[in-house]
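Results of the structural survey
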Amino acid sequence: MVGEKVSRKKQVTILMGVYNASRTIDKSIQSILCQSYREWVLLICDDGSEDNTVEILQRYKRMYPQKLQVYLNHENRGLTYSLNRLLGYVQTEYIARMDADDICREDRLSKQVEFLQNHKEYAFVGTSVYKFDEDGIYGIRHCKEKPVKEDLLWNNPFVHPSVMIRTEILKKVNGYRDIKKTVRCEDYDLWFRLYKENYRGYNISEPLLNYYEGRDSFPKRKFKYRINEMKVRLEGYAGLSLLPRGYIWAVKPVVLSMIPTAVMAFIKEKKWRRQNV
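Residues numbered from 1 in each chain as written. Predicted model: local features only at pLDDT ≥ 70, side-chain atom pairs only at ≥ 80, totals over all residues. Heavy atoms only, no water.

From N to C terminus, the protein includes eleven helices and nine strands. Within the span of the protein, comprising 277 residues, buried residues form 51% of the whole. Looking at the protein alone, contacts between residues at least 24 apart form 80% of all its contacts between residues at least 6 apart. (Helix = DSSP H or I, 4+ residues; strand = E, 2+ residues; numbered from the N terminus. Buried < 20%, exposed > 50% of the residue type's maximum accessible area, 1.4 Å probe, protein only. Contact = heavy atoms within 4.5 Å.)

Here the focus is the packing of helix 6 (residues 186-196) against helix 8 (residues 223-239). Running from amino to carboxyl end, helix 6 crosses helix 8 at an angle of 5 degrees, the nearest separation of the two axes being 9 Å. In terms of axis orientation, helix 6 runs roughly parallel to helix 8. Residues Y188, D189, F192 and K196 of helix 6 form the contact with helix 8, whose own contacting residues are E229, V232, R233, G236, Y237 and G239. Residues of the contact of helix 6 with helix 8, tallied by class, amount to four nonpolar, two polar and four charged. (Axes fitted to C-alpha atoms, helices over the stretch in contact; angles between N-to-C directions. Parallel < 35°, antiparallel > 145°, perpendicular 65-115°, else oblique. Nonpolar A, V, L, I, M, F, W, Y, C, P; charged D, E, K, R; others polar.)

This part takes up the packing of helix 1 (residues 25-33) against helix 2 (residues 53-63). The contact between helix 1 and helix 2 brings their axes to 11 Å, and the two run at 25 degrees. Taken together, helix 1 and helix 2 sit at an angle that is classed as roughly parallel. Regarding helix 1 and helix 2, the two cross each other, and that crossing is right-handed. Contacts from I25, D26, I29, Q30 and L33 of helix 1 reach helix 2 at I56, L57, R59 and Y60. Of the residues that constitute the contact of helix 1 with helix 2, the class distribution is six nonpolar, one polar and two charged. (Left-handed = near helix turned anticlockwise from the far one by under 90°.)

Our next topic: the pattern of salt bridges. One pass over the structure, following the stated rule, counts twelve salt bridges. D151 serves as the salt-bridge partner of K144, at 2.9 Å between the closest nitrogen and oxygen. Taking relative accessible area as the criterion, K144 reaches 44% and is therefore assigned partly exposed. Classification of D151 by relative accessible area gives partly exposed; the value is 22%. As a salt-bridge pair, R177 and E235 come within 3.0 Å of each other at their nearest N and O atoms. Here E235 lies in helix 8 and R177 lies in the loop between helix 5 (167-172) and helix 6, a separation of 58 residues in the sequence. Accessibility expressed as a relative area gives 35% for E235, which makes it partly exposed. One network of salt bridges, in which partners are shared, links R177, K181, D189, R193 and E235. (Salt bridge = Lys/Arg side-chain N within 4 Å of Asp/Glu carboxyl O.)

With that settled, consider the nonpolar core. Residues V12, I14, M16, I25, I29, L42 and M164 are the most contacted members of the largest nonpolar core, which totals 38 residues. Considering every element that reaches this core, the biggest residue donor is strand 9 (residues 201-212), with five residues. Not counting the four nearest positions on each side in its chain, L42 is found in contact with I14, M16, I29, I32, K67, L68 and Q69. Formed by 37 residues, the second largest nonpolar core is a distinct cluster that contains L152, V163, Y195 and V254. (Core = buried A, V, L, I, M, F, W, Y, C linked by side-chain atoms within 4.5 Å.)

One turn of the α-helix equals 3.6 residues, which is why residues spaced by three or four share an orientation. Within helix 2, the full set of buried residues consists of T53, I56, L57, Y60 and K61. Along helix 2, the residues classed as buried sweep out an arc of 140 degrees about the axis, all on the same side. For helix 2, the exposed residues set more than 90 degrees away from the buried face come down to E55 and R62. In this structure, the buried side of helix 2 is in contact with strand 1 (12-18), helix 1, strand 2 (40-46) and strand 3 (68-72). (Arc of directions from axis to C-beta.)

Given below as structure tokens:
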């Protein structure tokens, strides 16, 4: 469909790229509709789904025409392309990210808007998250409140679909980089670029998002995406003057991909138990 410009009367635009999300999209959208904060609009880009995702989206569009817009890619183009396409329609002050298999806590938007209004020194704000799968919530990912550039060495310190960012700043860095090496790590690449430009992020310590992550998801990630992450790390470290010490951390995703699945499952289970004692 042809994009409609979003009125500035809405303060938050939620961006969601979806692909074959018919099993989860209902709960995800419902969690947005139930937000205590009401000044939002939801833009969704379907990335060539082959199930009935589009039918579900069009139903919501008919039910909530002032709150939800649907855009269709005629072929699968990837998340970065979809998000950048949606970014072109945004005119609100803030942008919130959301994935089609995640669930917002009802006060997520209100607390993030309040934070950004009261803390002009931060460009974006994420949150800690509850991790869940088909069997329910099984853990919490506690995110450091004030990540500095050194925190980008070991791990990605922000959960992408939990983030709200100032629109002006995301547009200033030209959104996401839609290139081969950022596939599955487009958010990590964005944080590196933001920090390089002296923009900083913050994490609200309270979990405000249920983040879908299968308990065995780590070992199933393809090796080529590990290579992508290594390349993104190396470029990001260079931009933040974190080399040469960053070299050892850059190979982390590749090394972890070589650990047997059973060993990784044991390590993850130990980590879950330690975090939730």
